[in-house]
Amino acid sequence: MYRFYNPVRTYLGNGCFGNIKEIIAEAVGTPKNIVLLVWSESVLEMEIVQNFLKEDAYAVKPIIFTNANPTVENLFTLYTEAKAVTYDLVVAIGGGSVLDAAKTLACLQNMEIQSEEDVRNIINEKTYASPKCKWIGVPTTSGTGSEVTCWATIWDMKKGKKLSVERQDNYAAAAVVDATFTASMPMSLAVSSALDAVAHATESYWANARNPVTKALALYAIKAIMESIDDLITNYGNTKAGDVMAMGSMIAGLAFSNTRTTACHSISYPLTMHYGVPHGVAVSMLVAPMIVCNDAYLEDKEDLLDAFGVKCVEEIQEKMDAIHKKAGIKSRLCDWNVAKEDIDFLVKNAFTKGRIDNNPRVLCEADVRTILQNIY
Ligand SMILES: [Fe+2]
């Protein structure tokens, strides 16, 4: 028996955030105090957001959260600031980091927290309460799919660990996918985000936890993004490609919300944590080598190749190299201050439970070393 579950109400379309009052009424009801979490002051200046701030049906407290890859410390600061308002809804407008922070904030709302250590312990021991507070995600990068998944990545820099906040009852009440918010991204970020979505879909396609629904969603997302990514770069700013990326990223999110990711994400985490390689870039470097590595373990391989628009797995590397080059994305480890001698350290930290063991091919340290050497 296969299972697929995703309870997020999804609103799509250019300018759809203009209907936020109706969306809140339909998805949440009548909240009293809303925390509006945004990634930048510039979001608050947008007319569409200004109108929301003027709503008199509820009080809206804006908080600017600029931290990429949110840490335990960032979350404690955010919790303390938000606690001043007895919030019953978080609306988050931002990339994956802001949405992950919103998700975590919803989980922490009811808890007594006095220190960073309390936040660390709650996340580590997964003792966060069943959230009474709801959240709505409005992605500003088309990549993470965080608006339709129920887990958040929080980094514990002190302990050098990636933590995960996850609850089946903490899916967003609504996802508002409005490409108005993605239009101001720099082109290289738009491309690395799109490739993050391709990684989500590809890994979902071959994940041990796959099923026919997730595979169909994954193929749709890969094909849509790969067919439009050249247009996105060449004619950057055109709304058609932006809309495709927003939709493709959300659909990839739906796919991996039920399967989780696999080896590309697992191997990418130490690159982000210890070398500052942006998440989308780190995973995008690993997609092609992992397809080659998983070649003999791919179910319905022809469909995957067709979605990428190639005849064999090796062509995917050429395609990815061309995209990285055209978008000006540094895609080799040596470009990111990784020394050759650091590869052993990366190998040791590449095995995240729940990700690497979700890969169809069982990987040993030597396999991971070969992959990292190939992208050095
Ligand atoms: Fe990702």
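Please read these numbers as outputs of a predicted model, since none were measured by experiment. (Residues numbered from 1 in each chain as written. Predicted model: local features only at pLDDT ≥ 70, side-chain atom pairs only at ≥ 80, totals over all residues. Heavy atoms only, no water.)

**Student:** Could you clarify how one ought to interpret the overall build of the protein in this entry?
**Tutor:** Each helix and strand in the protein was counted, giving 15 helices and eight strands. Computed over its C-alpha atoms, the radius of gyration of the protein comes to 20 Å, within 12% of the 21 Å expected for a compact globule of 376 residues. Looking at the protein residue by residue over its 376 residues, the buried ones come to 56%. Excluding contacts between residues fewer than 6 apart, the proportion of contacts in the protein whose partners are at least 24 apart in sequence is 77%. Entry remark: accessible area of the protein is about 15,200 Å², with carbon and sulfur atoms responsible for 51%. Distance between charge centres in the protein, computed from 35 positive and 44 negative side chains, equals 4 Å. (Helix = DSSP H or I, 4+ residues; strand = E, 2+ residues; numbered from the N terminus. Rg over C-alpha atoms; globule rule 2.2 N^0.38 Å. Buried < 20%, exposed > 50% of the residue type's maximum accessible area, 1.4 Å probe, protein only. Contact = heavy atoms within 4.5 Å. Areas by Shrake-Rupley, 256 points an atom, 1.4 Å probe, with all protein chains shown as cover. Lys, Arg positive; Asp, Glu negative; His and termini not counted. Charge placed at Lys NZ, Arg CZ, Asp CG, Glu CD.)

**Student:** Help me out: how do you make sense of the domain arrangement of the protein in this one?
**Tutor:** Think of interface size as the accessible area that goes away when the parts come together; that is how it is often given. According to the domain assignment, the protein consists of domain 1 (9-180) and domain 2 (197-374). Computed over C-alpha atoms, the centres of domain 1 and domain 2 are 26 Å apart. Contact with domain 1, which involves 23 residues of that partner, is made by 19 residues of domain 2. Here domain 1 and domain 2 share an interface that buries about 1,800 Å² over both sides, 65% of which is from carbon and sulfur atoms. Taken together, the connections running from domain 1 to domain 2 amount to one salt bridge. Glu-166 is the salt-bridge partner of Arg-260, the closest N and O atoms lying 2.9 Å from each other. At the surface where domain 1 touches domain 2, the tally comes to five residue pairs in polar contact (both at pLDDT 80 or more). Those elements that provide at least two residues to the side of domain 1 that touches domain 2 are strand S1 (9-12), strand S6 (151-156) and strand S7 (161-166). Per-element tally for the side of domain 1 that touches domain 2: the top contributor is S7, with four residues. (Domains from an automatic or database assignment. Buried area = accessible area lost by both parts, 1.4 Å probe. Salt bridge = Lys/Arg side-chain N within 4 Å of Asp/Glu carboxyl O. Polar contact = N/O pair within 3.5 Å; in protein donor to acceptor, adjacent residues only side chain to side chain.)

**Student:** Just to check I follow, could you spell out the sheet that holds S1 for this structure?
**Tutor:** Whenever strands of a sheet pair, they do so through backbone hydrogen bonds, lying parallel or antiparallel. Reading across the sheet, the six strands line up as S1-S8-S5-S4-S2-S3 and stay open at both edges, with parallel pairing between neighbours. Because the sheet does not close on itself, it has two edges, and the strands there are S1 and strand S3 (59-64). Strand-to-strand, the axes of this sheet are offset by a mean angle of 15 degrees, without reference to chain direction. Pairing of strand S5 (residues 134-139) with strand S8 (residues 174-177) involves two bridges; the strand directions are parallel. Bridge pairing in S8 links Gly-137 to Ala-175. The strands touched by helix H4 (residues 72-83) within the sheet are strand S2 (33-38) and S3, with S3 carrying the most contacts at an inclination of about 155 degrees. (Pairing = 2+ DSSP bridges. Axes fitted to C-alpha atoms, helices over the stretch in contact; angles between N-to-C directions.)

**Student:** Where do I start with the environment of Ala-218 in this structure?
**Tutor:** Topologically, Ala-218 is positioned in helix H8 (residues 212-234). If sequence neighbours within four positions are ignored, Ala-218 has contacts with Ala-201, Tyr-205 and Ala-255.

**Student:** Would you mind showing me how to read the pattern of salt bridges here?
**Tutor:** Opposite charge on two side chains permits them to pair, given that their charged atoms come into close proximity. Summed over the entire model, instances satisfying the criterion amount to 17 salt bridges. Taking the shortest distance from any N to any O, the salt bridge between Asp-156 and Arg-120 comes out at 2.9 Å. You can see Asp-156 sitting in strand S6 and its partner Arg-120 sitting in helix H6 (residues 116-125), a full 36 residues away along the chain. Assigned by exposure class, Asp-156 and Arg-120 land together as buried. Of the charged contacts in the structure, one is a salt bridge between Arg-210 and Glu-299, with a shortest N-O distance of 3.2 Å.

**Student:** Looking at this model, I keep getting lost on the coordination of the iron ion. Mind explaining?
**Tutor:** Ideal values differ by geometry: the angle at a metal is 109.5 degrees with four tetrahedral donors, but 90 or 180 degrees with six octahedral donors. Taken together, Asp-196 (OD), His-200 (NE2), His-265 (NE2) and His-279 (NE2) make up the full set of protein donors to the iron ion, lying 2.1 to 2.3 Å away. Taken together, the four donor atoms surrounding the iron ion define angles of 82 to 173 degrees at the centre, an arrangement classified as irregular. Note on Asp-196: relative accessible area 3%, which makes it buried. (Donors = N, O, S within 2.8 Å, 3.2 Å for Na, K, Ca; no water. Tetrahedral: all angles 85-135°; square planar, octahedral: opposite > 155°, others 65-115°.)

**Student:** Got a minute to help me understand the environment of Ser-249 in this structure?
**Tutor:** Summarising the element assignment, Ser-249 is placed in helix H9 (residues 239-257). Excluding residues that lie within four positions of it along the chain, Ser-249 makes contacts with Ser-142, Gly-143, Thr-144, Gly-145, Ala-197 and Ile-225. Within the structure, the side chain of Ser-249 is placed 2.9 Å from the backbone nitrogen of Gly-143, a separation counted as a polar contact.

**Student:** I tried to follow the packing of aromatic side chains on my own but got confused; where do I start?
**Tutor:** To describe a pair of aromatic rings, you give the distance between the ring centres and the angle between the ring planes. Enumeration according to the criterion identifies six aromatic pairs in this entry. With 5.3 Å between their ring centres and 85 degrees between their planes, Phe-17 and Phe-181 make a pair best called edge-to-face. Pair noted here: Phe-17 is in the loop between S1 and helix H1 (20-27) and Phe-181 is in the loop between S8 and helix H7 (187-206), with a separation of 164 residues, a long-range link. Phe-181 matches Phe-17 in its accessibility class, with the two residues each being buried. Through successive ring pairs, a cluster of aromatic residues spans Phe-17, Phe-52, Tyr-58 and Phe-181. Geometry around Trp-336 places Lys-330 over its ring, the cationic atom sitting 4.4 Å from the centre. (Phe/Tyr/Trp six-rings, centres within 6.5 Å; stacked < 30°, edge-to-face > 60°. Lys NZ or Arg CZ within 6 Å of the ring centre and 35° of its normal.)

**Student:** Please explain the packing of helix H11 (residues 279-294) against helix H13 (residues 313-327) as it appears in this structure.
**Tutor:** Two elements in contact, H11 and H13, have axes whose closest approach is 8 Å; the angle formed by their N-to-C orientations is 170 degrees. Comparing the axis directions of H11 and H13 gives the class roughly antiparallel. Judged by residue contacts, Ser-284, Met-285, Val-287, Ala-288, Pro-289, Ile-291 and Val-292 of H11 engage Val-313, Ile-316, Gln-317, Met-320 and His-324 from H13. Taken together, the residues of the contact of H11 with H13 sort by class into nine nonpolar, three polar and no charged. (Parallel < 35°, antiparallel > 145°, perpendicular 65-115°, else oblique. Nonpolar A, V, L, I, M, F, W, Y, C, P; charged D, E, K, R; others polar.)

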